[in-house]
Amino acid sequence: MIHSKDVKARLFFTYLKDKTELFLYVKPHDTTGSRCVYRRAPGDAAMSYRIHALLENTGVLKSEIEIWVLLYPPEIRTTTIYAPSGLSDKEISVHIHENVLLNQPYSLKYDWKNYLLQRRDNGHDEDMVTITFLGKNVLPRIRSLLGKDTAKINFIGDGLQFLNVNMKIFPQLRGQTYELILPYDEIYYKAIIRSGVHFESLGLPHGCSAEFGHYKLRSEQVYLKMGNQGSKLDLPVFQPLVPVDEWKETYLTPSAFPSWYIALRSMDQETQVNFAERFHQEEKLVRNHTSLSIGPAYGYSS
């Protein structure tokens, strides 16, 4: 949820190569319900004006918002490897380089120096190491698109991590590995969850076909895919998660579904893999370097 009293709304900014999306969630106030507004726009220098117009139309001030930047493959990549538990930080970096970085087909496009990782004990003297890394141009591009609004950024990260389902609703998934598939235009994004942990994010270009074997996926829906995994329950392979009536009640354009679903799911999850702190550190370095480079020059003239 939005916890700060000073924040009236959360602006979700989705950065994709060919477009950007703005999804504004205005939190409930007293007896008034939440409000959602969606805009799709080209990624150009007019982004700040579009944000200003969106906020003006909804009666929200810039001082009352926080910005969440949602990224999807290939702009961001999340993957998991297994490593011996006793490795030091330096040794785990070498292990990642040998087992992840060298196996990426487009390694030059990613920023291998700045990644976030989580290590979890997997038992038997083995760690499960989940690594999330960004495309090289992602942070500079966000900076150029949002301009002065970058100061309002609270989150930059993999949007697919928020697909994780609620174990209270699906107790049969506890300790299991399952997939969540999100149709997004002609791309089908897949998040793999293992024992409740976001394990991997993938983009599946599917040749504009909605057919997965004998099953046809609808747009404006997200699907849980699970194998039987020894379960005695007769469960469907693909299970839609969103009641159609709930989505229709939003009165949003069909293209808004992914942003709407991810935004609502993010409200329930307290821990996230988040590049925002690193981004603001880099932003401070950029500002300091700029101020030094344009500062007064002192010298002697003959």
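Note that the structure is a prediction, hence the values are computed from the model and not measured.

Reading the values: the criteria
- Residues numbered from 1 in each chain as written.
- Predicted model: local features only at pLDDT ≥ 70, side-chain atom pairs only at ≥ 80, totals over all residues.
- Heavy atoms only, no water.
- Helix = DSSP H or I, 4+ residues; strand = E, 2+ residues; numbered from the N terminus.
- Buried < 20%, exposed > 50% of the residue type's maximum accessible area, 1.4 Å probe, protein only.
- Areas by Shrake-Rupley, 256 points an atom, 1.4 Å probe, with all protein chains shown as cover.
- pLDDT = per-residue confidence, 0-100.
- Contact = heavy atoms within 4.5 Å.
- Pairing = 2+ DSSP bridges.
- Axes fitted to C-alpha atoms, helices over the stretch in contact; angles between N-to-C directions.
- Phe/Tyr/Trp six-rings, centres within 6.5 Å; stacked < 30°, edge-to-face > 60°.
- Lys NZ or Arg CZ within 6 Å of the ring centre and 35° of its normal.
- Core = buried A, V, L, I, M, F, W, Y, C linked by side-chain atoms within 4.5 Å.
- Salt bridge = Lys/Arg side-chain N within 4 Å of Asp/Glu carboxyl O.
- Expected span 1.5 Å × (residues − 1).
- Arc of directions from axis to C-beta.

### What to know about the overall build of the protein chain
Helix and strand counts for the protein chain stand at six helices and 15 strands. Expressed as a percentage of the 302 residues in the protein chain, the buried residues total 44%. In the form shown here, the protein chain has an accessible surface area of approximately 16,800 Å², with 52% of it arising from carbon and sulfur atoms.

### Quick notes on the confidence of the model for the protein chain
Parts of the model with low pLDDT should not have their predicted coordinates read in detail. Summarising the model, the protein chain shows a mean pLDDT of 85, and 87% of its residues fall at 70 or more. The low-confidence segment residues 294-302, where pLDDT is below 50, has zero contacts with residues more than four positions distant or belonging to other chains.

### Some remarks on the sheet that holds strand β14 (residues 223-225)
Read from one edge to the other, the open sheet built from five strands follows the order β11-β10-β9-β14-β15, with strand pairing classed as antiparallel. Each end of this open sheet is capped by a strand with a single partner; those strands are β11 (197-205) and β15 (238-240). Taken over all neighbouring pairs, the strand axes of this sheet differ in orientation by 25 degrees on average, direction set aside. Bridge count for strand β9 (residues 177-184) against β14 is three bridges, and the pairing is antiparallel.

### Re the sheet that holds strand β6 (residues 110-123)
The three strands lie next to each other as β5-β7-β6, forming an open sheet whose pairing is antiparallel. Both edges of this open sheet fall to β5 (76-84) and β6, since each of them pairs with a single strand only. For this sheet, the mean angle separating the axes of adjacent strands, direction not counted, is 25 degrees. As paired strands, β6 and strand β7 (residues 126-135) are joined by nine bridges and run antiparallel to one another. Residue pairing across strands places Leu116 opposite Thr132, the latter belonging to β7. Across the sheet, helix α2 (residues 89-99) touches β5, β6 and β7, and the angle it forms with β5 is around 120 degrees.

### Section: the packing of aromatic side chains
The geometry of an aromatic ring pair comes down to the distance between the two centres and the angle between the two planes. One pass over the full model with this rule turns up 18 aromatic pairs. Where Phe257 meets Tyr261, the ring centres are 6.1 Å apart and the plane angle is 15 degrees; that geometry is what we call stacked. Residue Phe257 and its partner Tyr261 are located together in helix α5 (residues 257-266), separated by four residues, close to a single helical turn. Each member of the pair Phe257 and Tyr261 is classed as buried. An aromatic cluster of three or more residues is present, and its members are Phe12, Phe23, Trp68, Phe155 and Phe162. Sitting over the ring of Trp68, Arg10 keeps its end group 3.9 Å from the ring centre. Looking at Arg194, its charged tip hangs above the ring of Phe199, at a distance of 4.0 Å from the centre.

### A closer look at the nonpolar core
Core analysis: the largest hydrophobic core is formed by 37 residues, its most contacted members being Leu163 and Tyr178. Contributions of two or more residues to this core are made by β2 (20-26), β4 (65-71), β9, β10 (187-194) and α5. When near neighbours in sequence (up to four residues on either side) are disregarded, Leu163 contacts Leu180, Leu182, Ala191, Val222, Tyr261 and Ile262. Leu134, Ile142, Leu146 and Ile156 belong to the second largest nonpolar core, which has 31 residues in total.

### A short note on the pattern of salt bridges
Per the counting criterion, the structure on display carries 12 salt bridges. Arg40 serves as the salt-bridge partner of Glu21, at 2.7 Å between the closest nitrogen and oxygen. Of this pair, Glu21 sits in strand β2 while Arg40 sits in strand β3 (residues 35-41); the two residues are 19 residues apart in sequence, bridging distant segments of the chain. Residue Glu21 is classed as buried on the basis of its relative accessible area, which comes to 0%. Taking the relative accessible area as the measure of exposure, Arg40 reaches 36% and is therefore partly exposed. Notably, a salt bridge pairs Asp268 with Arg265, separated by 3.1 Å at the nearest N-O pair. Take Arg265: its relative accessible area is 14%, and that puts it in the buried class. Here the salt bridges do not stand alone but share partners, grouping Lys19, Glu21, Arg40 and Asp185 into one network.

### A short note on helix α3 (residues 138-146)
Along α3, the residues classified as buried are Val138, Leu139, Ile142, Arg143, Leu145 and Leu146. Phi for Gly147, located one or two positions after α3, is positive at around 55 degrees.

### Regarding the pairing of β5
Counting buried residues along β5, seven of its nine residues qualify, which places the element largely inside the surrounding structure. As judged from the nine bridges shared by β5 and β7, these two strands associate in the antiparallel manner. Pairing of Ile81 across the sheet is with Val129, part of β7.

### Focus on helix α1 (residues 47-58)
For the α-helix, the turn length of 3.6 residues means that residues three or four positions removed from each other point alike. When the terminal C-alpha atoms of α1 are compared, their 17 Å separation across 12 residues agrees well with the 16 Å that a helix rising 1.5 Å per residue should span. All of the buried residues along α1 are Met47, Ile51, Leu54, Leu55 and Thr58. The buried residues of α1 all sit within an arc of 95 degrees when viewed along its axis, so they share a single face. Exposed residues pointing more than 90 degrees away from the buried face of α1 are listed as Tyr49, Glu56 and Asn57. Looking at the buried side of α1, the elements it contacts are β1 (9-15), β2, β3, β4 and α3.

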